[in-house]
Amino acid sequence: VTRQIKDLRTPIICVMGHVDHGKTSMLDKIRGTTVTDIEAGEITQHIGATEVPLYTIESLCKGVLPGNIEVPGLLFIDTPGHHAFTTLRSRGGALSDLAVLVIDIIDGFQPQTDEALKILKQYKTPFIIAANKIDRIPGWRVNPSFSFTKTFESQPDNVKNALDNRIYDLAGKLSAYGFSADRYDRIRDFTRTIGIVPISARTGEGIPDLLMVLVGLAQKFLEKNLKLHVTGPGVGTVLEVKEDKGLGYSIDTIIYDGEIRTGDTIVIGGKEKPIVTKVRALLKPMPNRELRIVEKFDHVDRVTASAGVKILASDLDKAMAGSHLRVAREGMLNALIKEIESEIERA
Ligand code: GTP
Ligand code: MG
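Everything numeric in this text was worked out from a predicted model, so none of it was measured.

### Some thoughts on the nonpolar core
Stage number 1. In this structure, Ile13, Ile129, Ala131, Val197 and Leu214 are the most contacted members of the largest nonpolar core, which totals 86 residues.
Stage number 2. Sort the elements by how many residues they give to this core and helix 8 (residues 207-224) lands first, with 10 residues.
Stage number 3. Beyond its immediate chain neighbours, meaning those up to four positions away, Leu214 contacts Ile13, Leu74, Val100 and Ile128.

### Brief notes about the environment of Val35
Stage number 1. Examined against the element boundaries, Val35 turns out to sit in helix 2 (residues 35-38).
Stage number 2. The exposure class assigned to Val35 is buried, which follows from the 20 C-beta atoms found within 10 Å.
Stage number 3. Residues Val35 and Val19, spaced 16 residues apart in sequence, show a C-alpha to C-alpha distance of 15 Å.
Stage number 4. Once residues lying within four places of it in the same chain are set aside, the contact partners of Val35 are Thr24, Asp28, Glu290 and Ile293.

### Structural notes on the UniProt feature "domain: Tr-type G" (unreviewed entry) in the chain
Stage number 1. Sites flagged by UniProt as "domain: Tr-type G" (unreviewed entry) map to residues 8-223.
Stage number 2. Span residues 8-223 is 39% helix and 18% strand, its end C-alpha atoms 11 Å apart.

### Overview of the sheet that holds strand 2 (residues 48-53)
In a beta sheet, neighbouring strands pair by backbone hydrogen bonds and run either parallel or antiparallel.
Stage number 1. Spatial ordering of the open sheet is given by 2-3-1-4-5-7-6, a layout of 7 strands whose pairing is mixed. Looking at which strands have only one partner, the edges of the open sheet turn out to be strand 2 and strand 6 (181-183). Each strand of the sheet is rotated relative to its neighbour by a mean of 25°, with strand direction disregarded.
Stage number 2. Taken together, the 3 bridges between strand 6 and strand 7 (residues 194-198) define a ladder with parallel strand orientation. Bridge pairing in strand 7 places Arg183 opposite Ile196.

### Some remarks on the environment of Asp185
Stage number 1. For Asp185, the position within the fold is in the loop between strand 6 and strand 7.
Stage number 2. In this structure the C-alpha to C-alpha distance between Asp185 and Asn225, which are 40 residues apart in sequence, comes to 26 Å.

### Description of the packing of helix 3 (residues 54-61) against helix 8
Stage number 1. Contact geometry of helix 3 with helix 8 gives a least axis separation of 8 Å together with a crossing angle of 135°. Taken together, helix 3 and helix 8 sit at an angle that is classed as oblique. Every pair of crossing elements has a handedness; the one defined by helix 3 and helix 8 is left-handed. Mapping the contact onto sequence places Ile57, Leu60 and Cys61 in helix 3 and Ile207, Pro208, Leu211, Met212 and Val215 in helix 8.
Stage number 2. Partitioning the contact of helix 3 with helix 8 into residue classes produces 8 nonpolar, no polar and no charged.

### A few points about the sheet that holds strand 12 (residues 275-278)
Stage number 1. In spatial order, the strands read 12-11-17-8-9-16-13-14; together these 8 strands make up an open sheet with antiparallel pairing. A strand with exactly one partner marks an edge of an open sheet, and here the two such strands are strand 12 and strand 14 (297-300). For this sheet, the mean inter-axis angle between neighbouring strands, taken without regard to orientation, is 35°.
Stage number 2. Relative to strand 17 (residues 324-328), strand 8 (residues 235-244) runs antiparallel, the two sharing 3 bridges. Residue pairing in the sheet places Thr237 in a bridge with His324 of strand 17.
Stage number 3. In this fold helix 9 (residues 333-346) packs onto strand 11 (265-268), strand 12 and strand 17, with an angle of close to 175° to the strand it touches most, strand 17.

### Section: the site of ligand 1
Stage number 1. Residues in close proximity to ligand 1 total 22 residues, the closest being Gly22, Thr24, Ser25, Thr44 and Gly81.
Stage number 2. Ranked by residues supplied to the shell around ligand 1, first place goes to helix 1 (residues 23-31) with 3 residues.
Stage number 3. For the shell around ligand 1, the class distribution of residues is 4 nonpolar, 11 polar and 7 charged.

### Quick word on the environment of Val309
Stage number 1. Here Val309 lies in strand 16 (residues 307-312).
Stage number 2. Since 25 C-beta atoms lie within 10 Å of it, Val309 is described here as buried.
Stage number 3. In contact with Val309, not counting residues within four places along its chain, are Thr253, Ile255, Leu282, Leu283, Lys284 and Val303.

### So, the pairing of strand 8
Stage number 1. Note that strand 8 and strand 9 (residues 248-257) share 9 bridges and pair antiparallel. By the bridge assignment, Val238 is partnered in strand 9 with Thr253.
Stage number 2. In sequence, strand 8 turns back onto strand 9 through a hairpin of 3 residues, with Gly246 there showing a positive phi of about 80°.

### Observations regarding unusual backbone geometry
Stage number 1. Cis geometry marks the peptide bond from Ala305 to Ser306; its omega dihedral reads -10°.
Stage number 2. With respect to the secondary-structure elements, Ser306 resides in the loop between strand 15 (302-304) and strand 16.
Stage number 3. Unlike most non-glycine residues, Lys133 shows phi in positive territory, near 70°.
Stage number 4. If you trace the backbone, Lys133 turns up in the loop between strand 5 (127-132) and helix 6 (148-153).
Stage number 5. The class for Lys133 is buried, based on 24 C-beta atoms found within 10 Å.
Stage number 6. Positive phi, close to 65°, is recorded for Asp315, a residue that is not glycine.
Stage number 7. In this fold, Asp315 is placed in the loop between strand 16 and strand 17.
Stage number 8. Take Asp315: there are 13 C-beta atoms within 10 Å of it, and that puts it in the partly exposed class.

The rules behind each value
Residues numbered from 1 in each chain as written. Chains lettered and ligands numbered in written order. Predicted model: local features only at pLDDT ≥ 70, side-chain atom pairs only at ≥ 80, totals over all residues. Core = buried A, V, L, I, M, F, W, Y, C linked by C-beta atoms within 7 Å. Buried ≥ 20, exposed ≤ 12 C-beta atoms within 10 Å, placed from the backbone. Helix = DSSP H or I, 4+ residues; strand = E, 2+ residues; numbered from the N terminus. Contact = placed C-beta atoms within 7 Å. UniProt positions renumbered as here; feature names shortened; annotations may be inferred. Pairing = 2+ DSSP bridges. Axes fitted to C-alpha atoms, helices over the stretch in contact; angles between N-to-C directions. Parallel < 35°, antiparallel > 145°, perpendicular 65-115°, else oblique. Left-handed = near helix turned anticlockwise from the far one by under 90°. Nonpolar A, V, L, I, M, F, W, Y, C, P; charged D, E, K, R; others polar. Near = placed C-beta within 6 Å.

Right under this line is the structure:
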């Protein structure tokens, strides 16, 4: 039985890595979706946000989850791996509390793997490695949805060695960045050593282990960071400005701090000057569904961090993707306008 503290902020987990290394596939396996199938050429071109509730994580982990988990769930941010999207990757990295760096275990380190590591280092973001596509190791015996430790036991010795050699290889590359890393089940202190979790996004092997390590890390992280509690007026980032059939202009946002309600006055970065407007409606995707592609939303009165939410309001046509959004409560408006103005000048 898990105990949940009220008003605890959902940690934001950024999924990063080189193109085609399996970021979206990994999230599809966790969410029970097939987002990769609807992407043109299976290439992610936007930042996505999905709330994965604790009950989904518990059911995928089948009993390996420790009992003291208080996180309400995880908000996953999917980022594009294609080299053209550096700005979006950096934006995703800046937003996140923790990260999963996905590396194709056959393909190894690639240019955007390096780039992601630089971003993680710059923002001092704690992260783990998902060493993906273990099913492609020659001779691999597939045990769908098994934990890594169970499926590893059932492999012949030469396959076990092949996997471990590739893990050593990754650890060696990471040490060049000053990170010490090891296979996660050989690590005692995850604050000192980066965990490498072997997974297959195709067969689901290792997904329970990945979630267990991630939730454990998130739990430790929030115990240390009081800012993970939801307090005060909402702060967020604009992911995309959209014109939807029948809805007019809306913005897809991630609220990463505080709370936002319908009727709130918000200040957003605009193309020339800050936009001040009132929240007409807040649209939340269902759990395990991604903000950038869902068609069905829950209309809600309030949203607490962290969450992906579509906001309807007037004057959003000039809103700028990548800018901040702030809720103005009593007496705050002028200061917030100044703040957003100086952000626009710096951009
Ligand atoms: P971008 O978003 O464009 O950067 O790519 P991505 O990292 O999201 O990769 P994606 O999930 O789209 O997967 C790329 C290809 O690798 C797809 O054809 C997947 O089916 C395949 N793939 C992903 N994970 C696995 C895996 O564990 N095993 C195997 N065999 N194939 C996989
Ligand atoms: Mg993708």
